[in-house]
Amino acid sequence: MEEITWADFEKVELRAGTILEVFDYPEARKPAYKVKVDFGALGIKMSSAQITKHYTKEELIGRQIIGVVNFPKKQIGKFMSEFLITGFSDQNGDIVLSSLKGTVPDGSKMI
């Protein structure tokens, strides 16, 4: 594992956002959803996430997630992802979302 400095970590914009809408993404190589997330003053952003094993579209609506919002946009198939949703792989390699225990204002930065 490569060590980073505190200054390196401070460059990563980890922000809280609320999922507004979730769409099927049948064109994805691996099962995924497209998600629309409100990051408060940073705006509404879209991303794709391979989270179909643990979450239905309906249960994701209104859930707060943690996203990295300062990566450059990334082309994923025909879709342009504007941020990275954070999560961890379970024992089967399926993604479990990073989560917040309480509710914070959308756009809040992890400190």
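Quick look at the structure, then. All residue numbers refer to positions counted from 1 along the written sequence of the respective chain. Where local features are concerned, this predicted model is filtered to residues with pLDDT of at least 70; where side-chain atom pairs are given and counted, the filter is 80 or more; whole-chain, interface and lining totals use all residues. Side-chain numbers come from the whole structure's heavy atoms, not from hydrogens or water.

## Considerations on the environment of Ser47
The residue Ser47 is located in strand β3 (residues 44-49) in this model. Each residue's exposure class comes from its accessible area (1.4 Å probe, protein chains only) as a fraction of the maximum for that residue type: buried when under 20%, exposed when over 50%, partly exposed otherwise. Judged by relative accessible area, Ser47 falls into the buried class, the value being 1%. Between the alpha carbons of Ser47 and Lys57 there is a distance of 14 Å; along the sequence they are 10 residues apart. In protein, a polar contact requires one atom able to donate a hydrogen and another able to accept it; more generally it is a pair of N or O atoms within 3.5 Å, and residues adjacent in sequence count only if both atoms are side-chain atoms. Of note is the side chain of Ser47, whose polar atom sits 3.0 Å from the side chain of Ser81. A distance of 2.7 Å separates the side chain of Ser47 from the backbone oxygen of Phe83, its partner in a polar contact. To qualify as a helix, a DSSP run of H or I must reach at least 4 residues; to qualify as a strand, a run of E must reach at least 2; elements of each kind are numbered from the N terminus.

## Some remarks on the pattern of salt bridges
When charged atoms on two side chains of opposite charge get close, those side chains can pair. Each reported salt bridge corresponds to a side-chain nitrogen of Lys or Arg within 4 Å of a carboxyl oxygen of Asp or Glu. Enumeration over the complete set of coordinates arrives at five salt bridges. The salt bridge involving Glu13 is made with Arg15; its shortest N-O contact spans 2.6 Å. Judged on exposure class, the residue Glu13 and its partner Arg15 are both buried. The network of salt bridges with shared partners includes Glu13, Arg15 and Lys109.

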